[in-house]
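Fold and geometry: a report
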Amino acid sequence: MVFSVNVGLSELPNREAKRPEERSYALFLGDTVMVDEVGGNEDEDEEEPDKDAAEDLLGRSSRAALLTERTRNELTAEEKRRAHQKELATQLNEDARRRLTEQRGEQQTQKARKSNVSYKSAALLPKEPHVREMKIYIDKKYESVIMPVFGIATPFHIATIKNISMSVEGDYTYLRINFFCPGSALGRNEGNIFPNPEATFVKEITYRASNLKPPGEQTVPASNLQNAFRIIKEVQKRYKTREAEEKEEGIVKQDSLVINLNRSNPKLKDLYIRPNIAQKRMQGALEAHVNGFRFTSVRGDKVDILYNNIKHAVFQPCDGEMIIVLHFHLKNAIMFGKKRHTDVQFYTEVGEITTDLGKHQHMHDRDDLYAEQMEREMRHKLKTAFKNFIEKVEALTKEELEFEVPFRELGFNGAPYRSTCLLQPTSSALVNCTEWPPFVVTLDEVELIHFERVQFHLKNFDLVIVYKDYARKVTMINAIPVASLDPIKEWLNSCDLKYTDGVQSLNWTKIMKTIVDDPEGFFEQGGWSFLEPEGEGSEAEPGESESELEDETFNPSEEDEEEEEDSDEDYSSEAEESEYSKDSLGSEEESGKDWDELEEEARKGRTQNPPSPSKFPPKSPKKSPKLRKF
């Protein structure tokens, strides 16, 4: 039994008070008392306060010992994690240096634009009348355009032409030809794709011809520009089509699928495929054969996925999700729907993804209860069917293909693309299969993880994934809640992955370029230790300070420094004044005068010596010393 006892007292006299309003005061006391069922006699009650005091002391000491022991254990776990991370940092730098040393002998082929030469010698230049008459001529055999430039027939390969346009203004027709050159829209590193970017480039050429037919001629002069515009478009389209086919040929050719004619093959029906084969999504069946899967849509489209081309096979159950998914992350891209794809998934919906809000719903509505029961049964039925399919496939492949199930309890929210989704670790990857596009990162390919914007006053932070292949672009996951930071660190530490954290966002494009350009200098100056909090300011990138690698760096100018000096002087003068005012206030407090007495003295002074209007002092912005004391 618990009693809450509260006592209020009023009109208590205070004999030491000087002012009349302080001569009486009120007091309120409260306490909470718990009475146990076990009672005792009066003697035991008298001894009870001493026992309670002793038990309180014992309880406090034992509780303090428990808290101390718990804190010590937590600190020990944190120290173990830090020690493990230090070992991983040393091993990381050694492995990276060894890997880059082995790759040094291999010739790195840099991405360069093809040096398309129209003619290897002047003898191959066509002897057509258009060339002699200084007209535009298109050589379809060598895919070149011969144009008159300063009275000289100059050939340009069709690959150097960016686009062309034709317009008619009055009596003239204009043909404008734009060429590829450094600075055009080719991406950030456009300077590297030209064999000689320091050369002089022609950006555009414009030709003009009259639309009026001169006497004695059969055609107008502008007809040459019109024919050239049409033929250049045709040759350009043919060239681009051939280049696209060459890129498709770069796809690794897969083995042919061996069909198992046995009808007892593992099979799942009524599945959708992502990405879609056509504009409309279509249902189909996924069937496992001797060396791969085959998805057949209701329209007859077929997609084959071989077992030896699957890098990660992920089974996403429908627990807490509206779809159940089989996701395949491939080693080499496959072609279907006229596009290359490295991620293919098959899914089916569980329950209603959309809900009609206009429908009248009640908590105890029989239809709603029946629908919920049916949805639970459907979830259980689908989960069982998918699990049976997975078990049969693993038995068919003799455990060569294993399906991974994400650990939902280790998942965390983040935005790898535009929307926030739940990222879940598996035994060998970090995945999100429910949203499209999917997100799959293989842990064996990760070099280290860096946390950005880790500050106390921020609710979110960013995660940067750096791969072992330094030429590969880093992956960023934005807007991760701070509450997930410690679980993520614990998971990374258990996976033997090195992680670091910082308070600012770094320019990773510049950092990776610096490392790739001079890997030996990077590791001689400490390698990845510049990301460590202890190494800030002492270790930095080779040839650059860490401040230069940050996106937003503030460099104060001389004027700002002068303003700071002026502000420091102002602060110092204000500090002196505040010290002076504190001293004066301290002396007044020692004299025992309070505000009421000072106001009374001021009132008496005004009544005894009233000021005349002519004696008013001129107004000044500065305060009087007497007022400044208050």
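Everything below is about the structure printed above this text.
Rules used throughout
Residues numbered from 1 in each chain as written. Predicted model: local features only at pLDDT ≥ 70, side-chain atom pairs only at ≥ 80, totals over all residues. Heavy atoms only, no water. Phe/Tyr/Trp six-rings, centres within 6.5 Å; stacked < 30°, edge-to-face > 60°. Helix = DSSP H or I, 4+ residues; strand = E, 2+ residues; numbered from the N terminus. Buried < 20%, exposed > 50% of the residue type's maximum accessible area, 1.4 Å probe, protein only. Lys NZ or Arg CZ within 6 Å of the ring centre and 35° of its normal. Pairing = 2+ DSSP bridges. Axes fitted to C-alpha atoms, helices over the stretch in contact; angles between N-to-C directions. Salt bridge = Lys/Arg side-chain N within 4 Å of Asp/Glu carboxyl O. Contact = heavy atoms within 4.5 Å. Polar contact = N/O pair within 3.5 Å; in protein donor to acceptor, adjacent residues only side chain to side chain. Core = buried A, V, L, I, M, F, W, Y, C linked by side-chain atoms within 4.5 Å.

**Overview of the packing of aromatic side chains**
- Following the criterion strictly, the structure yields 18 aromatic pairs and no others.
- Aromatic pair Phe315 and Phe386: ring centres 6.1 Å apart, planes at 20°, arrangement stacked. With Phe315 in strand S13 (residues 310-316) and Phe386 in helix H4 (residues 366-396), this pair connects stretches of sequence that are 71 residues apart. The residues Phe315 and Phe386 share a single accessibility class, namely buried.
- Plain terms: the ring middles of Phe522 and Phe530 are 6.3 Å apart, the flat faces sit at 80° to each other, and that makes the pair edge-to-face. For the pair Phe522 and Phe530, one class covers both residues: buried.
- A connected cluster of aromatic rings, assembled from ring pairs, spans Phe293, Phe295, Tyr307, Phe328, Phe346, Phe389 and Phe403.
- Over the ring of Tyr172 we find Arg208; its NZ or CZ atom is 4.1 Å from the centre of that ring.

**Re the sheet that holds strand S20 (residues 439-442)**
- One open sheet accounts for 4 strands, arranged S17-S18-S19-S20; its pairing is antiparallel. Here the strands that pair on one side only, and so sit at the sheet edges, are strand S17 (412-414) and S20. On average, each strand axis in the sheet is inclined to that of its neighbour by 25°, with strand direction left out of account.
- As judged from the 3 bridges shared by S17 and strand S18 (residues 421-425), these two strands associate in the antiparallel manner. For Phe412, the partnering residue across the bridge sits in S18 and is Leu423.

**Quick word on the pattern of salt bridges**
- Counted by the stated rule, this structure contains 22 salt bridges.
- A salt bridge links Arg81 to Glu490, with the shortest nitrogen-to-oxygen separation between them at 3.0 Å. Highlighted residues: Arg81 in helix H1 (residues 42-104) and Glu490 in helix H5 (residues 485-494), separated in sequence by 409 residues.
- By relative accessible area, Glu490 is classed as partly exposed at 44%.
- The partner of Lys311 in a salt bridge is Glu445, with the nearest N and O atoms 2.3 Å apart. Linking Lys311 in strand S13 with Glu445 in the loop between S20 and strand S21 (446-452), this pair joins segments that are 134 residues apart in sequence.
- Among the charged side chains, a network of salt bridges with common partners joins Arg19, Glu21 and Asp596.

**Some thoughts on the environment of Gln345**
- Tracing the backbone shows Gln345 in strand S15 (residues 339-349).
- For Gln345, a relative accessible area of 0% puts it in the buried group.
- Not counting residues up to four positions away in its chain, the partners in contact with Gln345 are Tyr272, Ile273, Arg274, Val325, Leu326, His327, Cys433 and Trp436.
- Polar side-chain contacts of Gln345 include one of 3.1 Å to the backbone oxygen of Cys433.

**Regarding unusual backbone geometry**
- Residue Arg274 is joined to Pro275 through a cis peptide bond whose omega torsion reads 0°.
- Topologically, Pro275 is positioned in the loop between strand S9 (267-274) and strand S10 (283-288).
- Unlike most non-glycine residues, Asp270 shows phi in positive territory, near 55°.
- Inspection of the secondary structure puts Asp270 in strand S9.

**Re the side chain of Thr426**
- Tracing the backbone through its elements, the reader meets Thr426 in the loop between S18 and strand S19 (429-432).
- Once residues within four sequence positions are removed from consideration, Thr426 is found in contact with Glu404, Val405, Pro406, Phe407 and Val431.

**A closer look at the nonpolar core**
- Counting 31 residues, the largest nonpolar core has Phe293, Ile305, Leu326, Phe328, Phe346 and Phe403 as its most contacted members.
- Every element with two or more residues in this core is listed here: S9, S10, strand S11 (292-297), strand S12 (302-306), S13, strand S14 (323-336), S15 and H4.
- It is S14 that provides the largest number of residues to this core, a total of 6 residues.
- Here Leu326 is in contact with Leu268, Leu286, Val314, Phe315, Val344, Gln345, Phe346, Phe386, Phe389, Ile390 and Phe403, once residues within four sequence places are set aside.

Worth remembering: the numbers are spatial, not functional.
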